[in-house]
Amino acid sequence: MDVLADVLTSTRIGGTVFARSELAAPWGMLFEPASRAGLHIIARGSCWLRTRGQSEPLHLAQGDVVLLPHGAGHSLISAPNAQAVPFTKMLARCQVSQGFNGMNLNLEGKGPSTVLLCGAYRFEHEGIHPLLSLLPSLIHLRADAGVMSGPLEAVIRLLVAEYTQPGPGTITVTSRLVDVLFIQIIRGWLEQQPEGSAGWLGAVRDPQVGRALALMHGEPRRDWTVESLAAEVACSRATFARRFRELVGEPPLVYLTRLRMDVAARMLRDSDQPLAAIAERVGYASEFAFNRTFHRIRGVPPGRYREKARDSVELSPSAVGEVPGPAPSPWTAPPSAATRGVGRVRRGLGERGKAARSTPRTE
């Protein structure tokens, strides 16, 4: 079981490049906090990135890639002392043209020119899965650090070329490349982390915890216990439970419950199977117990979740063959109060209470 691939599928990542900017200094763009992950590629030239709470701006050179997994507010500026204006106001200063795959911004001036590709990633349920919540607020991959060679560099080159010289199928090609780029950025960042670190993603590399994750993802319906998982990975119960929590950030059975709800959500979105069949597929003999757990984890009953998922597809421009135009900025708002509430509830539960609730009833 490729655990990372399974998680990426369940979180339903969708990426887009919304703007290519060619900016002559001086300039500065401010992006407010949002519920999407931000992406910036320095295609040519250099600039600086400033995040809130950061004492000194970060220098970005040609070929560098920046990912802000939590949608932190930040500024891109031409020089450390340059002033940044909100992105929407920056549009008013630039010559803007609309392409099939986003906006093209051009700001003329006497200073050195920088070319940026700016994009965003939307997750099906932001801030809940450790893939997103345990990543650092900023991932910076430097072109001269050795991680940009091979597949990552190839994806970036293809993306820049496709965006610069669009052709038939450009929208589809750039969309796929941006999604692949997310995985390559995570891989590149993971390679820079020492063994035993990097949170959930580091846990995938751990021989015992990684094996346990693969077992749960491979057979989420199985009646796993901490004891049975520890036995499968040849580890004592206490050592396994402690190691799992240290690396993943939560106890094994809590992770299992949320994994089951991720699988159930995927089935609700992508199939017409009745709720009872979905409950059985994720290890619940009781449809009532499944409904209650799904509501607690996702904030809505499974039937309502299916309705909302289908309504969003029907309202999507791409669903009726239209080419969606980019919004002025994908950084729109912080995560919703409902999402933050889920996190507070989960943090407020003790390990014993979480484990008890994650075990399906057999009534």
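This one's a predicted model, so the numbers in the text were calculated from it and none came from an experiment. (Residues numbered from 1 in each chain as written. Predicted model: local features only at pLDDT ≥ 70, side-chain atom pairs only at ≥ 80, totals over all residues. Heavy atoms only, no water.)

Participant: Teacher, can you tell me more about the overall build of the protein chain here?
Facilitator: What the protein chain contains, in helices and strands, is 15 helices and 12 strands. Split into buried and exposed, the 363 residues of the protein chain put 47% on the buried side. A sequence separation of at least 24 residues applies to 75% of the contacts in the protein chain between residues at least 6 apart. (Helix = DSSP H or I, 4+ residues; strand = E, 2+ residues; numbered from the N terminus. Buried < 20%, exposed > 50% of the residue type's maximum accessible area, 1.4 Å probe, protein only. Contact = heavy atoms within 4.5 Å.)

Participant: Can you help me understand the sheet that holds strand 12 (residues 139–141) in this one?
Facilitator: Consider a sheet: its strands pair through backbone hydrogen bonds, and that pairing is either parallel or antiparallel. Strand order in the open sheet formed by seven strands is 9-10-1-11-3-6-12, with mixed pairing between adjacent strands. Single-partner strands in this sheet number two, and they are strand 9 (95–99) and strand 12. In this sheet, neighbouring strand axes are inclined to one another by 15° on average, regardless of whether the strands run parallel or antiparallel. Bridging between strand 1 (residues 14–24) and strand 10 (residues 102–107) involves five bridges; their strand directions are parallel. Its bridge partner lying in strand 10, Glu22 is registered against Asn106. (Pairing = 2+ DSSP bridges. Axes fitted to C-alpha atoms, helices over the stretch in contact; angles between N-to-C directions.)

Participant: Would you explain the packing of aromatic side chains in this entry?
Facilitator: Centre distance and the angle of the planes are the two values used to describe a pair of aromatic rings. Scanning all chains against the criterion turns up seven aromatic pairs. Where Phe244 meets Tyr255, the ring centres are 6.0 Å apart and the plane angle is 75°; that geometry is what we call edge-to-face. A residue pair is termed long-range when its members are at least 10 positions apart, and Phe244 in helix 9 (residues 237–248) and Tyr255 in helix 10 (residues 252–270) qualify at 11 residues. As far as the burial class goes, Phe244 and Tyr255 line up, both buried. Following the ring pairs from residue to residue traces out a cluster consisting of Tyr284, Phe290, Phe294 and Tyr305. (Phe/Tyr/Trp six-rings, centres within 6.5 Å; stacked < 30°, edge-to-face > 60°.)

Participant: I'm lost on the environment of His140 in this one. Help?
Facilitator: Along the chain, the position of His140 falls in strand 12. It is 9.0 Å that separates the C-alpha atoms of His140 and Ile185, two residues lying 45 residues apart in sequence. The contacts of His140, once residues within four sequence positions are left out, are Leu58, His59, Leu60, Asp64, Val65 and Val66. Within the structure, the side chain of His140 is placed 2.9 Å from the side chain of Asp64, a separation counted as a polar contact. (Polar contact = N/O pair within 3.5 Å; in protein donor to acceptor, adjacent residues only side chain to side chain.)

Participant: Would you explain the nonpolar core in this entry?
Facilitator: Among soluble globular proteins, nonpolar side chains are generally buried collectively. By size, the foremost hydrophobic cluster in this structure holds 37 residues, and its most contacted members are Met216, Phe240, Phe244, Phe290 and Phe294. Leaving out residues up to four positions away in the same chain, Met216 has contacts with Trp224, Leu229, Phe244, Pro252, Tyr255, Leu256 and Leu259. Counting residues in hydrophobic clusters, the runner-up holds 25 residues, among them Val17, Ala37, Leu117 and Leu177. (Core = buried A, V, L, I, M, F, W, Y, C linked by side-chain atoms within 4.5 Å.)

Participant: I tried to follow the confidence of the model for the protein chain on my own but got confused; where do I start?
Facilitator: Residues shown with low pLDDT carry predicted positions that ought not to be read at fine detail. Of all residues in the protein chain, 75% have pLDDT values of 70 or greater, and the mean over the chain is 79. Long-range and interchain partners of residues 315–363, a stretch whose pLDDT sits below 50, account for 80 contacts in this model, where long-range means more than four residues apart. (pLDDT = per-residue confidence, 0-100.)

Participant: Whenever I open this one, helix 4 (residues 151–164) confuses me. Can you help?
Facilitator: Residues three or four positions apart in an α-helix share a direction because the helix packs 3.6 residues into each turn. Along its 14 residues, helix 4 runs 20 Å from first to last C-alpha, staying within 8% of the 20 Å computed at 1.5 Å per residue. Within helix 4, the full set of buried residues consists of Leu152, Val155, Ile156, Leu159, Glu162 and Tyr163. End-on, the buried residues of helix 4 take up no more than an arc of 135°, which puts them together on one face. Facing away from the buried side of helix 4 by over 90 degrees, the exposed positions are Arg157 and Leu158. (Expected span 1.5 Å × (residues − 1). Arc of directions from axis to C-beta.)

Participant: Would you mind showing me how to read the pairing of strand 2 (residues 28–31) here?
Facilitator: The side chains of a regular strand alternate between both faces of the sheet. In this structure, strand 2 lies alongside strand 7 (residues 74–77), joined through four bridges in antiparallel fashion. Counterpart to Leu30 in the pairing with strand 7 is Ser75. The pairing of strand 2 with strand 8 (residues 85–86) spans two bridges and is parallel. Across the sheet, Met29 pairs through a bridge with Val85, a residue of strand 8.

Participant: Help me out: how do you make sense of the pairing of strand 11 (residues 113–122) in this one?
Facilitator: For strand 11, the tally of buried residues reaches eight of 10 residues, placing the bulk of the element in the interior. Here 10 bridges tie strand 1 to strand 11, and the two strands are oriented antiparallel to one another. Looking across to strand 11, one finds that Ala19 is bridged to Cys118. Here strand 3 (residues 37–44) runs beside strand 11; their pairing, made up of seven bridges, is antiparallel. Bridge pairing links Leu39 to Gly119 in strand 11.

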